Amino acid sequence: MTELRKDYFGEKFVIMNSERSGRPVEIKPPVTRSSTRCALCAGIKDKGKPAVVVDQKSRLISSDRPSDLKDDEMLSHLIPVGRHLIVAITNHDDKVQTLKVQKLSQILSILQETARSLSSRKGGGYAATFLNYGVGYGDDGAISSFHPNFEILTLPIIPPAIEYEIKAVEKSMYDLGICPICRVLSLETGGPRQILSTTHFLAFAPWAATHPFEFWITPKTHQTSFLEISDKEIYDLALILRSTLGGLTRAVGDIPFTVVFHNSPQGDKDLELHWHLEAYPLVSIRAGLEEGMSVFLNDTTPELAAETLGRASRKELAALVGVV
Ligand SMILES: [Zn+2]
Ligand SMILES: [Zn+2]
Ligand SMILES: [Zn+2]
């Protein structure tokens, strides 16, 4: 059966081709890893730390000559205020999906502290936070595609994907008096798309996943930002993130993926979002429909993805907590 599914917030469409589910997805070749020292390695002096913050000065987007910029209705410019910081995991050969939980937890704490300090600056913008694995800017760029790192890029706008979800929150609060992600949690907990549950977080494949094996990790209580969570919650996040990414690699292979943090913008109580992580394994090609129409085609139903990832992630979790 082929169905057209709408996402939780009501405006994104995915053609879910469940007849093809179960057939092997098109897998990109395994990620190859550079064995030579990269630009990040060269900048890391203190090998004793779990991660190091690197300021990507070459990627600063700023202008001190605003009068040169064009600005009319169709060609508008904002004055960018961006900073681009890299939280680089010290060892080039580590992978997030195979790290010890304790180490990943320390790295997430450094990421939180760094994003906090960027967001607390006046006019600091939105701190877009993400992790790319096996994709990136190539070895000739300032960031290695192969050296594991999280990135924070401050933007003078609220990114459209975040704004889209904030609008859905406003509508749901107005119409129903409840946060849409809290509704999603009650819908997905214990259901056919659940992948893993820990003390504070739920991992599940979203109803209208735009990528094969896409999954989200959501705090079980209503929280607005990763920047606000406690050390205990960070440890639990490291546990579920490590288990699910490890499960993805175990079940599907050493494939490229991205993980993005969907946080509320800092300092504006009116723009609120129940924060979560979205992980997109990069195993399918985006073509005309996706690129040109923003309609997505997914041949792996989230129900099948959850079954596959659930089994593999539970094994990872069991091994991590010593129940084998
Ligand atoms: Zn390196
Ligand atoms: Zn909520
Ligand atoms: Zn989201």
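Scroll up to find the structure.
About the criteria used
Residues numbered from 1 in each chain as written. Chains lettered and ligands numbered in written order. Predicted model: local features only at pLDDT ≥ 70, side-chain atom pairs only at ≥ 80, totals over all residues. Helix = DSSP H or I, 4+ residues; strand = E, 2+ residues; numbered from the N terminus. Contact = placed C-beta atoms within 7 Å. Buried ≥ 20, exposed ≤ 12 C-beta atoms within 10 Å, placed from the backbone. Pairing = 2+ DSSP bridges. Core = buried A, V, L, I, M, F, W, Y, C linked by C-beta atoms within 7 Å. Axes fitted to C-alpha atoms, helices over the stretch in contact; angles between N-to-C directions.

J.: Sorry, what's going on with the overall build of the protein here?
T.: Looking only at helices and strands, the protein features 7 helices and 14 strands. Intrachain contacts of the protein at a sequence separation of at least 6 include 75% that bridge at least 24 residues.

J.: What should I look at first to understand the pairing of strand β6 (residues 84-89) in this one?
T.: Residues in a regular strand point their side chains to alternate faces of the sheet. With respect to burial, β6 is a largely interior element, 5 of its 6 residues being buried. As paired elements, strand β3 (residues 51-55) and β6 share 5 bridges and run antiparallel to each other. Residue pairing for β6: Asp55 is matched across the bridge by Leu85. Note that β6 and strand β8 (residues 149-155) share 5 bridges and pair antiparallel. Bridge pairing in β8 links Leu85 to Ile152.

J.: Is there a simple way to explain the nonpolar core in this structure?
T.: The tendency in soluble globular proteins is for nonpolar side chains to be buried as a group. Ala203 and Leu309 are the most contacted members of the largest nonpolar core, which has 68 residues in total. Considering each element in turn, this core owes the most residues, 9 residues, to helix α5 (residues 231-252). Residues within four places of Ala203 in sequence aside, it is in contact with Ile195, Leu196, Phe215, Ile217, Ile240, Thr244 and Ser313.

J.: Whenever I open this one, the sheet that holds strand β14 (residues 295-298) confuses me. Can you help?
T.: In a beta sheet, neighbouring strands pair by backbone hydrogen bonds and run either parallel or antiparallel. Taking strand neighbours across the sheet as the criterion, the 3 strands line up as β1-β2-β14 in an open arrangement whose pairing is mixed. The sheet terminates laterally at β1 (2-6) and β14, the two strands that pair on one side only. Here the average twist between neighbouring strands, direction ignored, is 25°. Here strand β2 (residues 13-17) runs beside β14; their pairing, made up of 4 bridges, is parallel. Across the sheet, the residue bridging to Ile15 is Leu297, located in β14.

J.: Please explain the sheet that holds strand β13 (residues 276-281) as it appears in this structure.
T.: Taken in spatial order, the 9 strands of this open sheet run β3-β6-β8-β7-β12-β13-β11-β10-β9, and their pairing is antiparallel. Each edge of the sheet is formed by a strand with only one pairing partner; in this case those strands are β3 and β9 (194-197). For this sheet the average axis-to-axis angle between neighbouring strands, irrespective of direction, equals 20°. With 4 bridges joining them, strand β10 (residues 201-204) and strand β11 (residues 215-219) adopt antiparallel strand pairing. By the bridge assignment, Phe201 is partnered in β11 with Pro219. Contacts from α5 reach β9, β10, β11, β12 (257-262) and β13 within the one sheet, and its direction differs from that of β10 by about 20°. Packed onto the sheet, helix α7 (residues 302-320) meets β9, β10 and β11 and runs at close to 20° relative to β9.

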